[in-house]
Structure formats: structure tokens, C-alpha cells
Amino acid sequence: MTKQYTCGTSSISFQEPVFIQSCASVTGQKEGDGPLGSCFDMICPDPMFGASTWEAAESTMQKEASTLAIGKAGLKPADIRLLFAGDLLAQTAASSFGTAGMGIPFYGLFSACSTMGEALSLSALCIAAGYGEHILCATSSHFCSAEKEFRFPLGYGNQRPLSATWTVTGAGACILGYEPPPRPDSKTLNTLRNRNICAVITGITTGRLIDFGFRDSLNMGACMAPAACDTIARNLQDFHRKPSDYDAIFTGDLGMVGQTILFDLLTEKGFDISSVHQDCGMLIYDPQTQDTHSGGSGCGCAASVLAGYILPGIIQKKWKRILFVPTGALLSKVSFNEGDPIPGIAHAVVIEQYRVPDMM
């Protein structure tokens, strides 16, 4: 069992690390054509993923990412104690149908685009408490299913404002455990440059609902930036850290508009993160060659960038400690159509490089 203790107003520090035993990412062709295309495990040129509906396509994508992560950890679905998964669709349909055949005890989550942060946080708490040896976290999103759910039918051909973000067609999955990843076989060892390095979760900061009164469903960055500011500031205060104590602070889906607002809000609180900040929504697409306006968003945005780019970067010694802060705009079709604003939330996860002595 991992020891932990609460710190500050809303953070938990794990005194023994929670190990990220494996990760996997699956994306569509547009994401594969972006700057991080070479990082993803699987890129499918068919946006339908062989299914008959957009929703089924997203389910297939999430199941594929989960299956890949389980296989990378040398496990079977029966070895997984719990599954925390979510998506943007009503009743978390993509997750429910995508993982139904795996037979894993399931908790469906909704925290909009910050769902991967919520899944990692809850899984880390369960691992720390000794409630499972292996826990699977998975999230997904699909551009077409999200447009159908929240905005306009694709055939309508509506114009998108420059503040709009592009919902990522992608999925990410991670296996968490209280032991290091399994030792690779001798053949694999010869190809691993950093075989004794893995990524661990050492702390979390749970997000609060932040409502600045925004009502623009095509400006998710503005809706989410206040929540990102609140969570990042509380993380720094709770852990008594400066922005420079992190090699990088990754937000999830703010895009260019949201990043500007975030910097302004944090400056008012006395923090300047501009030198270490990166945004998954800005990393996944090329603004010069891909028409995505402000950047990327969706549950699959932060999840696929985490699994394909961030965690491998830690293992490759690019970063020693990062703060992963997926951001979510809690857009409800019901409340939005009744004129209510769109609150935001952001969950922070501290992920660090860890050297395992017995893997030397």
C-alpha cells in the first residue's frame, strides 16, 4: 500500500510513487498528419474505424487504445482490477460500448476534456489505498461525434470562428500499478536506451468548478482557462513550488485563445508559467498547415498527447517532473439551451521520472 497525505487546500502527495506501467494512443489521420504523428501507436486513415456510426467509431478507438495498453504491460483484461473511463458523449456511450466486452469492473466518468486527469487521479488514489494491483484509465473523443452531439451536423457546413478548437479524433489509455513496469525480455532490452527509467505519479490536485459566466460554446479556451489558472495556482501553493520547479506544465485543451487568458490570470496571482507552459491542443496540430483555428480539444486530446508524447518524453529523460493539467468545459446541451453559462474544471497530476534500481 502506498502512503499518502493531504497537503494544502486540495492536493495529495504520494509518499510512495504510483507507477504508470504502460500507455497507448490511437488517433485519426488528421492527428497523424500533425507534428506529433510519429509519436502515436496507431493512426487509422478511416474516420469510421470500420464501424457504421461515429459513436461506434469512437468506441472502437477507445477499445483499441485500452487493448494496446494492456498488452504493453504484459497483462490480460482479467488482470485489470478497475477501469476508469469517459468521453464527451451522453451517458459516456463511447466508453460504455467500447469496453463492455472486456469484462473489467467499470466506473464511467465525465469531466469533459479533463476526464483523463480525473481518471488518473482516481486510479492513483485507488492504487495508493491498495484497492487494486492494476487499474486502467482510458478516454476518447471524435470530431464527428462531438459535432453531432454539441454543435451542428457536418453537412450543415457552418463557419467556425477563430476562437473555436477542433475536437481531436483520438484515444489514450494508461495502466497504473503499485509496482514498476515489468522487466522487458532480453531482446527488447537491447533496443531500450533508458530501460531503467519509468514514469510515476507523485501527487494530484483536484479541480474545482470555476464559472466565469462564459456562454460561448465555440470558445472553449475562454471557458476553461479560469479553471486551469485556479488548479495550477493551488498546486503551486499546496506543494510550495515555483513554476520553475516543473520542467513543463501541460494544459489540455486551451488552444491559443485560452493560453493567452491563462497567462493573464496567473500573472494576477503572481505566477509566470510562460517559460514552461505547453498546451496539448496547440501541440497536436500544425497551425500553418492544418485549419484547426485555435487548436485541439476533446477528451482524446490530452490523453493521446500524454500517452504518445509526454510519458515517452519522461522515459527518454526529456523532463524530470511535469504537471499534467487536462482542462474541461462542462458544456451541457440542456443547461446551455436554457441560457446557463459553461463552467470549467481542471485536474492536475504531478508526473515524475523514476529510476528503478533492480531494472539496471
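Thresholds, definitions, all that
Residues numbered from 1 in each chain as written. Predicted model: local features only at pLDDT ≥ 70, side-chain atom pairs only at ≥ 80, totals over all residues. Heavy atoms only, no water. Helix = DSSP H or I, 4+ residues; strand = E, 2+ residues; numbered from the N terminus. Buried < 20%, exposed > 50% of the residue type's maximum accessible area, 1.4 Å probe, protein only. Contact = heavy atoms within 4.5 Å. Pairing = 2+ DSSP bridges. pLDDT = per-residue confidence, 0-100. Salt bridge = Lys/Arg side-chain N within 4 Å of Asp/Glu carboxyl O. Polar contact = N/O pair within 3.5 Å; in protein donor to acceptor, adjacent residues only side chain to side chain. Core = buried A, V, L, I, M, F, W, Y, C linked by side-chain atoms within 4.5 Å. Phe/Tyr/Trp six-rings, centres within 6.5 Å; stacked < 30°, edge-to-face > 60°. Lys NZ or Arg CZ within 6 Å of the ring centre and 35° of its normal. Expected span 1.5 Å × (residues − 1).

1. Considerations on the side chain of threonine 92
For threonine 92, the position within the fold is in the loop between strand 4 (82-86) and helix 3 (93-99). Overall, threonine 92 belongs to the buried group, its relative accessible area being 12%.

2. As for the environment of threonine 231
Tracing the sequence through the fold places threonine 231 in helix 7 (residues 220-238). It is 9.7 Å that separates the C-alpha atoms of threonine 231 and threonine 327, two residues lying 96 residues apart in sequence. When residues no more than four places from it in sequence are discounted, the contact partners of threonine 231 are Thr205, Gly207, Val325, Ala346, His347 and Ala348.

3. A short note on the side chain of threonine 139
Considering the arrangement of structural elements, one finds threonine 139 in strand 6 (residues 134-141). The exposure class assigned to threonine 139 is buried, which follows from its relative accessible area of 0%. Sequence-distant contacts of threonine 139, that is, excluding residues within four places in its chain, are made with Gln62, Gly86, Thr115, Met116, Gly170, Ala171, Gly172, Cys299 and Ala303.

4. Some details on the pairing of strand 13 (residues 321-325)
Most of strand 13 sits out of view: four of its five residues are buried. Bridge count for strand 10 (residues 248-251) against strand 13 is four bridges, and the pairing is parallel. Note on strand 13: the bridge partner recorded for threonine 251 is valine 325. Here strand 13 runs beside strand 16 (residues 348-355); their pairing, made up of four bridges, is antiparallel. In the strand pairing of strand 16, phenylalanine 324 is matched with valine 349.

5. A look at the confidence of the model for the protein chain
Per-residue confidence for the protein chain gives a mean pLDDT of 90, with 91% of residues at or over 70. Ignoring residues within four places in sequence, the model shows residues 185-193, a span with pLDDT below 50, making five contacts including any to other chains.

6. Overview of the pattern of salt bridges
Between side chains of opposite charge, a pair can form as their charged atoms come close. Summed over the entire model, instances satisfying the criterion amount to six salt bridges. Here arginine 234 and aspartate 230 are joined by a salt bridge, their closest N and O atoms 2.8 Å apart. One end of the pair is arginine 234 and the other is aspartate 230, both in helix 7 and four residues apart, which spans about a single turn. Note on accessibility: arginine 234 and aspartate 230 belong to one class, buried. Lysine 242 is paired through a salt bridge with aspartate 245; the nearest N and O atoms lie 3.6 Å apart. Residue classification places aspartate 245 among the partly exposed positions, given a relative accessible area of 26%. Bridged by salt links that share partners, the residues Arg208, Asp230 and Arg234 form one connected network.

7. Overview of the environment of aspartate 247
Within the element layout of this structure, aspartate 247 appears in the loop between helix 7 and strand 10. As for aspartate 247 and leucine 323, which are separated by 76 residues in sequence, their C-alpha atoms are 8.4 Å apart. Apart from the residues within four sequence positions on either side, aspartate 247 is in contact with Val276, Trp319, Lys320 and Arg321. Separated by 2.6 Å, the side chain of aspartate 247 and the backbone nitrogen of lysine 320 make a polar contact.

8. Digging into the nonpolar core
Of all hydrophobic cores here, the largest spans 49 residues; its most connected members are Leu120, Leu176, Ile201, Ile310, Phe324 and Ile351. It is helix 10 (residues 299-315) that contributes the most residues to this core, 10 residues altogether. Core analysis: the next-biggest nonpolar cluster, separate from the first, contains 28 residues, Ala233, Leu236, Tyr246 and Leu323 among them.

9. With respect to helix 5 (residues 143-150)
Counting buried residues along helix 5, six of its eight residues qualify, which places the element largely inside the surrounding structure. Considered for burial, the residues of helix 5 that qualify are Phe143, Cys144, Ser145, Ala146, Glu147 and Glu149.

10. Notes on the environment of alanine 171
The residue alanine 171 is located in strand 8 (residues 170-177) in this model. Look at alanine 171 and you get buried, because its relative accessible area is 0%. Along the sequence, alanine 171 and lysine 76 sit 95 residues apart, while their C-alpha atoms lie 19 Å from each other. Dropping the residues within four chain positions of it, alanine 171 is found in contact with Ala24, Ser25, Val26, Met61, Gln62, Ala65, Thr139, Ser140, Gly300 and Ser304.

11. Regarding the packing of aromatic side chains
Summed over the entire model, instances satisfying the criterion amount to five aromatic pairs. Each ring, one from phenylalanine 19 and one from tyrosine 354, has its centre 5.1 Å from the other, and the planes form 90°; the classification is edge-to-face. With a gap of 335 residues between them, phenylalanine 19 in strand 2 (residues 11-28) and tyrosine 354 in strand 16 connect regions that are remote in the sequence. Above the ring of tryptophan 166, the side-chain terminus of lysine 30 is found at 4.5 Å from the ring centroid.

12. Topic: helix 4 (residues 115-129)
Helical geometry: 3.6 residues make up each α-helical turn, so side chains three or four residues apart lie on a common side. Look at helix 4: 21 Å from first C-alpha to last across 15 residues, which is about the 21 Å you get at 1.5 Å a residue. Counted residue by residue, helix 4 has 13 buried out of 15 residues, so it is predominantly covered. Where helix 4 terminates, the next one or two residues include glycine 130, which has phi positive at roughly 85°.

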